[in-house]
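# Structural description and commentary
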Amino acid sequence: MQTRSACAAALTSLAAAGAAAAPPAAEMTLRSCVSGSPALRVPASAERATLDAADSQRFDAAAQARYPLYQRGGFAPYQVLMLRRGGQWLYVTLWRDGRSSPCFSAVFAADRFDFTPGWLAKYQPRAHETAD
């Protein structure tokens, strides 16, 4: 029995060492909240920042005022992510749907909102390490 335990411990140790040596992800994937819709794939090197609670609420109110269809959801997002994809700044709303990771429900062009230049200066979005 000790041999079996020692073997299991060795395999666990090797697996952990292999995982630590794995190369960083080339892209991050945000699962869609809409069943059957494709995930949002973004290069891991994409500049991004998470809005604080007050700015998330301000964004949500502005998005609801501008886009009536978005308003129909009736829920406030869990988080709002500002990111650069394909050279364009975007806002991505993230929701909790009971799974371990949040899903995205909407993507908005950031240049449509007057507060974007100020938030770019405030948050100074940057590429994050894979551990972020």
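Residues numbered from 1 in each chain as written. Predicted model: local features only at pLDDT ≥ 70, side-chain atom pairs only at ≥ 80, totals over all residues. Heavy atoms only, no water.

## Some details on unusual backbone geometry
Backbone geometry places Gln124, a non-glycine residue, at a positive phi of 45°. Inspection of the secondary structure assignment puts Gln124 in the segment after helix H4 (116-123). (Helix = DSSP H or I, 4+ residues; strand = E, 2+ residues; numbered from the N terminus.)

## Some details on the nonpolar core
A general tendency of soluble globular proteins is for nonpolar side chains to be buried together. In this structure, Leu51, Phe59, Tyr91, Phe108, Phe113 and Trp119 are the most contacted members of the largest nonpolar core, which totals 18 residues. For this core, the elements supplying multiple residues, two or more each, are helix H2 (53-66), strand E4 (79-85), strand E5 (88-95), strand E6 (103-109) and H4. In this structure Trp119 touches Leu51, Asp55, Arg58, Phe59, Met82, Tyr91 and Gln124, once residues within four positions along its chain are discounted. One finds Met28, Val42, Ala46 and Val92 within the second-largest nonpolar core, a separate group that totals 11 residues. (Core = buried A, V, L, I, M, F, W, Y, C linked by side-chain atoms within 4.5 Å. Buried < 20%, exposed > 50% of the residue type's maximum accessible area, 1.4 Å probe, protein only. Contact = heavy atoms within 4.5 Å.)

## Structural notes on the sheet that holds E5
The strand order E3-E4-E5-E6 describes an open sheet built from 4 strands, whose pairing is antiparallel. Each of the sheet's edge strands pairs with one partner strand only, and the pair in question is strand E3 (48-50) and E6. Each adjacent strand pair in this sheet contributes to an overall mean axis angle of 20°, direction not counted. The strands that H4 touches are E3, E4 and E5; relative to E5, the one it contacts most, it runs at about 80°. (Pairing = 2+ DSSP bridges. Axes fitted to C-alpha atoms, helices over the stretch in contact; angles between N-to-C directions.)

## A closer look at the pattern of salt bridges
This model, assessed by the stated rule, comprises 4 salt bridges. Its salt-bridge partner being Arg41, residue Glu27 comes within 3.6 Å of it at the nearest N-O pair. Residue Glu27 is found in strand E1 (residues 27-30), and its partner Arg41 is found in strand E2 (residues 40-43); the two are separated by 14 residues along the sequence. Under the relative-accessibility criterion, Arg41 is labelled partly exposed at 45%. Between Glu47 and Arg84 there is a salt bridge whose closest N-O contact spans 3.0 Å. In this pair, Glu47 sits in the loop between E2 and E3 while Arg84 sits in strand E4, placing the two residues 37 residues apart along the sequence. Given the relative accessible area of 32%, Arg84 is considered partly exposed. (Salt bridge = Lys/Arg side-chain N within 4 Å of Asp/Glu carboxyl O.)

## Side note on H4
When we look at burial in H4, the residues that qualify are Thr116, Trp119 and Tyr123. Seen along its axis, H4 keeps its buried residues to an arc of 60°; they face one direction. Residues of H4 that are exposed and point more than 90 degrees away from the buried face comprise Pro117 and Ala121. Taken together, the buried residues of H4 touch E3, H2, E4 and E5. After H4 finishes, the residue Gln124 shows a positive phi value of roughly 45°. (Arc of directions from axis to C-beta.)

## Quick word on the side chain of Arg31
By the secondary structure assignment, Arg31 is in the loop between E1 and E2. Among the polar contacts made by the side chain of Arg31, one reaches the main-chain carbonyl oxygen of Ser101 at a distance of 2.7 Å. Contact partners of Arg31, with chain neighbours within four places excluded, come to Ala39, Asp97, Arg99, Ser101, Pro102, Cys103 and Phe104. (Polar contact = N/O pair within 3.5 Å; in protein donor to acceptor, adjacent residues only side chain to side chain.)

## Comments concerning the state of the cysteines
Per the counting criterion, the structure on display carries 1 disulfide. With its sulfur 1.9 Å from that of its partner, Cys33 forms a disulfide with Cys103. The chirality of the disulfide connecting Cys33 with Cys103 is right-handed, given an S-S dihedral of about 95°. Taken together, the positions of Cys33 in the loop between E1 and E2 and Cys103 in strand E6 put the pair 70 residues apart, joining distant regions of the chain. Given the relative accessible area of 30%, Cys33 is considered partly exposed. (Disulfide = S-S within 2.5 Å.)

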